[in-house]
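A look at the structure
So you can see what is in the structure, the chains are spelled out below.
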Amino acid sequence: MLMKSNRTLTECGWQALLRCTVLAICLVAAAHPVQGQNARPWNGRLCAVVLTYDDALNVHLDQVVPVLDSLGLKGTFYLSGFFPGFKARIKEWSAVAREGHELGNHTLYHPCEGKAAGREWVPPDYDLNRYTLRRIVDEVVMASAMLEAIDGRTLRTFAYPCGDRKVGDTSYVGEVMRLFPGARGVQGKMQTLDAIDLYDIGSYMISGQSGEEMIRLVKEGEAKHALVVFLFHGVGGEHALNVSLPDHWKLLSFLKETEKDVWVATMLDVCKYVKEARESR
Ligand SMILES: [Zn+2]
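Residues numbered from 1 in each chain as written. Predicted model: local features only at pLDDT ≥ 70, side-chain atom pairs only at ≥ 80, totals over all residues. Heavy atoms only, no water.

1. Regarding the packing of helix H2 (residues 58–71) against helix H8 (residues 245–257)
What counts, and what does not: Note on method: axes are straight lines fitted to C-alpha atoms, helices fitted across the in-contact stretch only, with angles between N-to-C directions ranging 0 to 180 degrees. Helix and strand labels come from DSSP, where a helix needs a run of H or I of at least four residues and a strand needs a run of E of at least two; each type is numbered from the N terminus. Oblique is the label for any angle not covered by the other classes, which are roughly parallel (under 35 degrees), roughly antiparallel (over 145) and roughly perpendicular (65 to 115). Note: crossing handedness is left-handed where the near helix turns anticlockwise from the far helix by less than a right angle, and right-handed where it turns clockwise. Contact criterion: two residues are considered in contact whenever any of their non-hydrogen atoms come within 4.5 Å of each other. The classification used treats Ala, Val, Leu, Ile, Met, Phe, Trp, Tyr, Cys and Pro as nonpolar, Asp, Glu, Lys and Arg as charged, and all other residues, Gly among them, as polar.
Following both chains from N to C, one finds H2 and H8 inclined at 25°, their axes separated by 11 Å at the closest point. Considering the angle they form, H2 stands roughly parallel to H8. Every pair of crossing elements has a handedness; the one defined by H2 and H8 is right-handed. In this structure, H2 uses Gln63, Val64, Val67, Leu68, Ser70 and Leu71 to contact H8, whose residues at the interface are Leu245, His248, Trp249, Leu252, Ser253 and Lys256. Of the residues that constitute the contact of H2 with H8, the class distribution is 7 nonpolar, 4 polar and 1 charged.

So, in structure tokens, the structure goes:
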């Protein structure tokens, strides 16, 4: 009887211990709901954001860089050598690179598909239909040489002008893959670390959106654990595709406030990170 009592007591003790252990595990899991291998896939954050600014506008140097620097955020500036805001301010672009921003390759002459709808503005000499594969590759290689002379770097990302990736009927993506660690497209889409296509990285073209709308995209990126790329042209003016200064500031302030959850990095750093993450598997 005594033995039976003892055994019952022992069994009860084990059961209690097991219950406590299960309870403890549940409490730990509840306290850290997002801890886990894939919960924070972007450099320990929920999502990644890349701020890209196209075409070497004066406002990028006058308005955007000072704001980014004041918040300690880094951006990617896709420069075409042909644009006045580049040619007239080369030393300032060099200083931008020294601050840790990326000077991305956006070709020398910004050639686009001229026959597409709404492309009347494309000069015939810079219509991709009139290019050859050799010509676009030479142009892109020389744009990189020009940028290297400015920032001393040999590695940078590329952005397809107008998002066009063909010379006539021939794709030049293969050549871009040979020359760059990644390339930005213009299709508005979010991609997870596993699904991202490094040579067609989606981006959201900003033209008149409010700060709240842009912040909503970041929040969606957090929920989806995705990369969110913003594509800016004018900021407070200088381009038909424009965002107001207060709305731009609102987004950047939000990114600063949420930097524990949102990784803001240059496109180059994101591409390197994706590559390393894939190689380490
Ligand atoms: Zn452009």
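Next comes the rest of the account.
2. Some thoughts on the coordination of the zinc ion
Stated precisely, the cut-off is as follows: Metal donors were taken as nitrogen, oxygen and sulfur atoms no farther than 2.8 Å from the ion, or 3.2 Å where the ion is Na, K or Ca. Water is excluded, so coordination may look unfinished. Only protein chains enter the accessibility calculation, which uses a 1.4 Å probe. A residue is then buried if its area is under 20% of the maximum for its type, exposed if over 50%, and partly exposed in between.
Ligation of the zinc ion by protein atoms is provided by Asp55 (OD), His106 (NE2) and His110 (NE2), these donors lying 2.0 to 2.3 Å from the ion. Look at where the donors of the zinc ion fall in the sequence and you get D-x50-H-x3-H. Of this pair, Asp55 sits in the loop between strand S1 (47–54) and H2 while His106 sits in the loop between strand S3 (102–105) and helix H5 (133–151), and the two are 51 residues apart along the sequence. Among the residues examined, His106 registers a relative accessible area of 1% and is labelled buried.

3. A word on the packing of aromatic side chains
For clarity, the threshold we go by: Each pair of aromatic rings taken from Phe, Tyr and Trp, with Trp reduced to its six-membered ring, is defined by centres within 6.5 Å and is described as stacked if the planes are under 30 degrees apart, edge-to-face if over 60, and tilted in the remaining cases.
Enumeration according to the criterion identifies 13 aromatic pairs in this entry. A ring pair is formed by Tyr53 and Phe232, whose centres lie 5.0 Å apart and whose planes are at 15°; its orientation type is stacked. Highlighted residues: Tyr53 in strand S1 and Phe232 in strand S10 (residues 226–232), separated in sequence by 179 residues. Its relative accessible area of 0% is what places Tyr53 among the buried residues.

4. Structural notes on the pairing of S1
Here is the rule we go by: One requirement defines pairing of two strands: DSSP has to find at least two bridges between them. Seen with its strands pointing away from the viewer, a crossover is right-handed if its path from the first strand over the helix to the second goes clockwise.
Counting buried positions along S1 yields 8 of 8 residues, so the element is predominantly enclosed. Burial along S1 is two-sided: Cys47, Val49, Leu51 and Tyr53 facing one way and Ala48, Val50, Thr52 and Asp54 facing the other are all buried. Relative to strand S13 (residues 262–264), S1 is paired through 3 bridges, and the arrangement is parallel. In the sheet register, Cys47 faces S13, and the bridge partner there is Val262. The pairing of S1 with S10 spans 6 bridges and is classified as parallel. Bridge pairing in S10 links Ala48 to Leu227. Remark: the S1/H2/strand S2 (residues 76–79) crossover connection has right-handed handedness.

5. Digging into the state of the cysteines
Test applied: Note on disulfides: each one is a pair of cysteine sulfur atoms within 2.5 Å.
A complete count under the given rule lists 1 disulfide for this structure. The residue that forms a disulfide with Cys112 is Cys162, at a sulfur-sulfur distance of 2.0 Å. For the disulfide bridge between Cys112 and Cys162, the dihedral angle about the S-S bond is near 80°, and by the sign convention the bridge is right-handed. Of this pair, Cys112 sits in the loop between S3 and H5 while Cys162 sits in the loop between strand S4 (158–159) and strand S5 (166–167), placing them 50 residues apart in sequence. For Cys162, a relative accessible area of 22% corresponds to the partly exposed category.

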